Amino acid sequence: GVMVMACLVLTAALAIPGATTDGECAAEDAPPAVVRRGAQVERQNATRSAFLHAWRSYATYAWGQDEVNPVSRLAVSSFGMGLTLVDSLDTMHLMGLSEEFAAAVAWVRTRLRFGEQEEINVFEVTIRVLGGLLSAYELSGERSVLDAADELGQRLVFAFDSPTGLPYGTVGLKSRKRYNPTWSRGASTVAEVATLQVEFRALSRHTRKPVYEAVAQRVMAHLREMSRPSALPRGLYPTMISPVSGEFASSDLTLGARADSAYEYLLKQWLMSSRTDSRVAQMYTESVAAITAHLVREGGLARCANCTYIGRWNFRTKRYEDKMDHLVCFVP
């Protein structure tokens, strides 16, 4: 389920070479790590100490707020959902920080409420707040955390109320408005519509409420069955798509911003199905083949020491840009 993503992040963090334990992040500040076979205890302690350094600053200066500015030490409210706290729940549980985890869960149970927030991005709230709550529940079994996830899911599901079932990118929980920003000309990004499925499907499984998985699967059915421009290779998804017409609203193809996680979630959905969903497996296979054929380039020895990169391509004009932003780096 959702917990897998948190485990991958933590595993990667524990393997960071050259981790230090000086200053306020010294290992002795953290409780001793639970030793596992093959564990690199020094790195575990350094990672947990670094986390605790950041967590204690947040708890001191911005408890219950979304973020803390590390320079001014002022709280920042952007989502109005205790973003840092919720997004840290699974990490604290995995690190064995039981006191910190319990305090954060108590805040979720007594203080976290949904319904007044406006102008929130459905994608960001889903992957960070809904995903954070679900991961914490899967790890701990804390029912109050699942109840919060269920409440949030109920509040968000109206975003999918469009002629095509594709969600709008921005909603107001109090006003019940759903829309996309003016710069997008009414379109959602393809990442916004196709990076909700893991969380909404997990929510259905834990609550036994089929509505969440139903709205997520309707999006995938649309992407499989929609009419595609003849020049657009199968397996590639332009950055923008209209929730009203259901058609792509852009010719730009990239594995960077506005599209990146849509491809990532194809694989995750297949894994979440215990590798049985042949439909999403085919979508992923087609995407990998099309990415290799149309977006992957090699720079050559003289240019970049034989580097391989993934650029941007306009499937209508056939113009290729040697541009690879940092978000594309998830691909390898």
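Only a predicted model underlies this, so the values are computations on that prediction, with no experimental measurement involved.

Caption draft 1: Summary view of the state of the cysteines. Throughout the structure, instances matching the rule amount to one disulfide. For C304, the disulfide goes to C307, at an S-S distance of 1.7 Å. Judged by the sign of its S-S torsion, about -70°, the cystine formed by C304 and C307 is left-handed. On the accessibility criterion, C307 (24% relative accessible area) is partly exposed.

Caption draft 2: Structural view of the pattern of salt bridges. Counted according to the given criterion, the structure contains 13 salt bridges. Note that K174 and E116 form a salt bridge whose closest N and O atoms lie 3.5 Å from each other. Within this pair, whereas K174 is found in the loop between strand 4 (170-171) and strand 5 (178-179), its partner E116 is found in the loop between helix 5 (98-111) and strand 3 (120-121), the two being separated by 58 residues in sequence. We note a salt bridge from K209 to D150, for which the minimum N-O separation is 2.6 Å. With K209 in the loop between helix 9 (197-207) and helix 10 (210-225) and D150 in helix 7 (residues 143-156), this residue pair connects regions lying 59 residues apart in the sequence.

Caption draft 3: Just the environment of G311, in detail. Take G311: it is sitting in the loop between strand 10 (308-310) and strand 11 (312-314). Considering only alpha carbons, one finds G311 and H294, 17 residues apart in sequence, at a separation of 9.0 Å. Leaving out residues up to four positions away in the same chain, G311 has contacts with L253, T254, L295, Y320, E321 and K323.

Caption draft 4: Region of the structure containing the packing of helix 11 (residues 260-272) against helix 12 (residues 278-294). Look at helix 11 against helix 12: their axes get within 8 Å of each other, and the N-to-C directions meet at 145°. Between helix 11 and helix 12 lies a crossing of left-handed hand. Across from Y263, L266, L267, Q269 and W270 in helix 11, the residues of helix 12 making contact are V280, A281, M283, Y284, S287 and I291.

Caption draft 5: Examining empty space enclosed by the protein more closely. Under the defined criterion, the tally for this structure stands at one cavity of 30 Å³ or more. Size it by volume and the largest cavity reaches roughly 30 Å³. With three residues, the top contributor of residues to the lining of the largest cavity is helix 11. Of the residues that constitute the lining of the largest cavity, the class distribution is six nonpolar, no polar and no charged.

Caption draft 6: Main features of helix 10. In a regular helix each residue adds 1.5 Å, so 16 residues correspond to 22 Å; helix 10 covers 22 Å between its end C-alpha atoms and thus fits that length. Listing the buried residues of helix 10 in full gives Y212, V215, A216, Q217, V219, M220, H222, L223 and R224. If you follow the buried residues of helix 10, they end up packed against helix 7, helix 8 (190-194), helix 9, strand 7 (240-241), helix 11 and helix 12.

Caption draft 7: Expanded view of the sheet that holds strand 3. With respect to topology, three strands assemble into an open sheet ordered 3-4-5, the strand pairing being antiparallel. At either margin of the open sheet sits one strand with a lone partner, and together these are strand 3 and strand 5. Sheet topology note: the strand 4/strand 5 ladder contains two bridges and is antiparallel. The residue of strand 5 that forms the bridge with T170 is Y179.

Caption draft 8: Spatial organisation of the packing of helix 9 against helix 11. Relative orientation of the contacting elements helix 9 and helix 11 amounts to 25°, with a least axis distance of 9 Å. By the angle between their directions, the pair helix 9 and helix 11 is classed as roughly parallel. Contacts from Q197, V198, E199, R201, A202 and R205 in helix 9 reach Y265, K268, Q269 and M272 in helix 11. Residue composition of the contact of helix 9 with helix 11, by class: four nonpolar, two polar and four charged.

Caption draft 9: Structural detail: the packing of aromatic side chains. For the structure shown, the criterion picks out eight aromatic pairs. Centre to centre, the rings of Y58 and W63 are 6.4 Å apart; their planes meet at 50°, and the pair counts as tilted. On the basis of relative accessible area, Y58 is assigned to the buried category, the value being 1%. Among the aromatic residues, ring-to-ring pairing joins F51, W55, Y58 and W63 into one connected group. Cation over ring: R176 sits above F158, and NZ or CZ is 4.1 Å from the ring centre. The lysine or arginine in question, R297, covers the ring of Y320, its NZ or CZ lying 3.6 Å from the ring centre.

How each quantity is defined
- Residues numbered from 1 in each chain as written.
- Predicted model: local features only at pLDDT ≥ 70, side-chain atom pairs only at ≥ 80, totals over all residues.
- Heavy atoms only, no water.
- Disulfide = S-S within 2.5 Å.
- Buried < 20%, exposed > 50% of the residue type's maximum accessible area, 1.4 Å probe, protein only.
- Salt bridge = Lys/Arg side-chain N within 4 Å of Asp/Glu carboxyl O.
- Helix = DSSP H or I, 4+ residues; strand = E, 2+ residues; numbered from the N terminus.
- Contact = heavy atoms within 4.5 Å.
- Axes fitted to C-alpha atoms, helices over the stretch in contact; angles between N-to-C directions.
- Left-handed = near helix turned anticlockwise from the far one by under 90°.
- 1 Å grid on protein atoms, 1.4 Å probe; cavity = no way out; pocket = protein on both sides within 12 Å on 5 of 7 lines; lining within 4 Å.
- Points joined across faces, edges and corners; volume = space filled by probe spheres on them.
- Nonpolar A, V, L, I, M, F, W, Y, C, P; charged D, E, K, R; others polar.
- Expected span 1.5 Å × (residues − 1).
- Pairing = 2+ DSSP bridges.
- Parallel < 35°, antiparallel > 145°, perpendicular 65-115°, else oblique.
- Phe/Tyr/Trp six-rings, centres within 6.5 Å; stacked < 30°, edge-to-face > 60°.
- Lys NZ or Arg CZ within 6 Å of the ring centre and 35° of its normal.

Any functional reading would require information beyond the geometric quantities listed.
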